[in-house]
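# Inside the fold
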Amino acid sequence: MVLGILLERRRKVWHKPASITKNSSDVVKSGSNHVYVNRQELERCVAACLEQAGAPPDHSVLVARVLVAADCRGIPSHGVNRAEMYCQELQAGLIHTIGYDGTGDDGDDNNSSDPTIVRETDSIANINGHNNLGAVVAQYAMEIGIQKAKATGVSLVVCHNSNHFGIAGYWAQLALDQGLIGLAMTNTSPFMVPTRAKSRAAGTNPIACYCPAAGNNDSFQLDMATTTVPVGKIEVCHRQNQAIPLGWGVTASGTQSTTDPTKVMSSGGLTPLGGLEETAGYKGYGLNMMVEILCAVLSGCQQVGPDVPPWRADRGVPVGYGHCFLCIDPHQFLPNNEDGSSSFPQQLAHYLDRMRNLPPAEERLAVLVPGDPERQEEAWAAQQGVRLHVNVAQSLRTLVRDLGCNEEMLLPPEIRNLPETNHVAPHPFASLATDASTTAK
Ligand SMILES: NC(=O)c1ccc[n+]([C@@H]2O[C@H](COP(=O)([O-])OP(=O)(O)OC[C@H]3O[C@@H](n4cnc5c(N)ncnc54)[C@H](O)[C@@H]3O)[C@@H](O)[C@H]2O)c1
């Protein structure tokens, strides 16, 4: 019932993507720029690429699942678009995958890449990610955090010596699946120009906070960068040859807004959430620093803020990211309902619906709560397949070929049958001639 009302309200806001067809050549000819791909086939293809690039099979499957989940949630910036970059990091030997045995305990084996707990109490842990894939470290950390929160009511697990972990929401979702409130954060490489600074000196440092609500898997799902947009949105515009809106990024001077994604990627940077100082961007900058402190300073990362290496395949050194995961068991904070069930999900459902039912300023635009747009995208992806921009699909085909994978066996037909092109844009982090000083600092 609640979901029905929700979907009905959302229909007023979201326009279904252009016509769906299984023949991708037709898609391209008819002017649509997207193809729709079976989720499992896409995950299998991306996992095969990661494995071919050097990741262990089960890690490849996990990372592929995280990437494809982003596309399913309507976040293409952090989806298959990133497969090429992850593969390049693996091929360049920037990620430590040696000695993996999957036990999470490497004993005296200093060469193992298994994440390990370096400090621990009943409710906290600090984890050394041993420069393994970010998803592997995050999965390990969240499993520990969930166990501790169930036992004590709340847990805080931080990680150091890790890598890019994809969308923060994927990790908060693991707590949500267990009826817990989950927060996930990570620091990243410098791409944001802090308020009053001249060049980039902070990452896009996302925060996700998911909370369970009663009724048809409803929940609050806030998942956002602390920059106006994450760098992935600039990447996508770069790949699609599109201008970016004014306000997302600045040129090399640090103060001039630009619509050119290449300028932002190569020598400029992103604005903090809120934009320039005049529009209170300093609050986004402050939030961004908070994430950096909880992820990097609290976990003991070797490099913090401006000193974190750039996220580029030619960087030559580990990025050494830190993460922070907070799990809260709401049932331990509140008295239960008369029937013994927890009162938190019901209270939250009431609050969420109260917000959704606020009178809209424009009749056709219903008031949403965080997570509504992504849930709708997920519902569509489940019906019609994962939506990929043609450029991203073609770059995946190129990746499969470049890695020497079996294209006949691996590529979903919608991607395999796309028209051939000589102009597949490589991933921007691998292709742009950047000013090393602004990228690294
Ligand atoms: N791992 C990394 O290094 C990294 C860095 C930055 C961002 N990211 C990821 O990038 C993704 C996208 O980030 P973003 O900042 O572009 O997110 P966004 O701006 O698209 O959405 C942010 C939040 O706003 C909510 N929202 C959107 N429209 C709304 C509306 N009308 N009413 C109420 N809520 C609404 C969304 O549900 C979401 O929770 C996130 O998944 C984030 O984790 C990852």
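Right above here is the structure, for reference.
Residues numbered from 1 in each chain as written. Predicted model: local features only at pLDDT ≥ 70, side-chain atom pairs only at ≥ 80, totals over all residues. Heavy atoms only, no water.

### A closer look at the sheet that holds strand β10 (residues 269–270)
Pairing is antiparallel across the open sheet formed by 3 strands, whose spatial order is β9-β8-β10. Strand pairing shows two members of the sheet lacking a second neighbour, β9 (257–258) and β10, which therefore form its edges. As paired elements, strand β8 (residues 249–250) and β9 share 2 bridges and run antiparallel to each other. Bridged to glycine 249 within β9 is threonine 258. (Pairing = 2+ DSSP bridges. Helix = DSSP H or I, 4+ residues; strand = E, 2+ residues; numbered from the N terminus.)

### As for the pairing of strand β1 (residues 34–37)
For a regular strand, side-chain orientation follows a simple rule: the groups alternate between the two sheet faces. Side-chain alternation along β1 places His34 and Tyr36 on one buried face and Val35 and Val37 on a second face that is also buried. As paired elements, β1 and strand β12 (residues 386–389) share 4 bridges and run antiparallel to each other. Each bridged residue has a counterpart across the sheet, and for valine 35 the counterpart in β12 is leucine 388. (Buried < 20%, exposed > 50% of the residue type's maximum accessible area, 1.4 Å probe, protein only.)

### Here we look at the packing of helix α3 (residues 39–53) against helix α5 (residues 83–91)
At a closest axis distance of 8 Å, the pairing of α3 and α5 adopts a crossing angle of 20°. By the criterion of interaxial angle, the relationship of α3 to α5 is roughly parallel. Handedness of the crossing formed by α3 with α5: right-handed. In this structure, α3 contributes Val46, Cys49, Leu50 and Ala53 to the contact, and α5 contributes Ala83, Tyr86, Cys87, Leu90 and Gln91. Considered class by class, the residues forming the contact of α3 with α5 number 8 nonpolar, 1 polar and no charged. (Axes fitted to C-alpha atoms, helices over the stretch in contact; angles between N-to-C directions. Parallel < 35°, antiparallel > 145°, perpendicular 65-115°, else oblique. Left-handed = near helix turned anticlockwise from the far one by under 90°. Contact = heavy atoms within 4.5 Å. Nonpolar A, V, L, I, M, F, W, Y, C, P; charged D, E, K, R; others polar.)

### A word on the layout of surface pockets
The computed volume of the largest pocket comes to approximately 1100 Å³. The set of elements that each furnish at least two residues to the lining of the largest pocket consists of α4 (57–72), β7 (219–224), α8 (231–239), α12 (372–384) and β12. Sort the elements by how many residues they give to the lining of the largest pocket and α12 lands first, with 6 residues. Its residues assigned to classes, the lining of the largest pocket comprises 24 nonpolar, 17 polar and 8 charged. (1 Å grid on protein atoms, 1.4 Å probe; cavity = no way out; pocket = protein on both sides within 12 Å on 5 of 7 lines; lining within 4 Å. Points joined across faces, edges and corners; volume = space filled by probe spheres on them.)

### Concerning the sheet that holds strand β4 (residues 154–162)
Spatial ordering of the open sheet is given by β2-β3-β4-β11-β5-β6-β7, a layout of 7 strands whose pairing is mixed. Because the sheet does not close on itself, it has two edges, and the strands there are β2 (116–120) and β7. Going across the sheet, the axis of each strand differs from the next one's by a mean of 15°, ignoring polarity. Of the strand pairs in this sheet, strand β5 (residues 181–186) and strand β11 (residues 321–328) are connected by 6 bridges, and their pairing is antiparallel. Looking across to β11, one finds that isoleucine 181 is bridged to isoleucine 328. Across the sheet, helix α6 (residues 134–152) is in contact with β2, β3 (124–128), β4 and β11; its angle to β4 comes to roughly 160°. Packed on one face of the sheet, helix α10 (residues 281–297) meets β4, β5, β6 (207–212), β7 and β11 and runs near 95° to β5.

### A closer look at the pattern of salt bridges
If you walk through the whole model with that rule in mind, you get 16 salt bridges. A salt bridge links lysine 148 to glutamate 120; its shortest N-O distance comes to 2.9 Å. Remark: glutamate 120 occurs in strand β2 and lysine 148 occurs in helix α6; sequence separation between them is 28 residues. The exposure class of lysine 148 is buried, given its relative accessible area of 9%. Judged by relative accessible area, glutamate 120 falls into the partly exposed class, the value being 47%. Between aspartate 372 and arginine 356 there is a salt bridge, with the nearest N and O atoms lying 2.8 Å from each other. Placement of aspartate 372 in helix α12 and of arginine 356 in helix α11 (residues 344–356) is noted, with a sequence separation of 16 residues between them. There is no split in this pair, since aspartate 372 and arginine 356 are both buried. (Salt bridge = Lys/Arg side-chain N within 4 Å of Asp/Glu carboxyl O.)

By themselves, these are just geometric observations and shouldn't be taken as functional.
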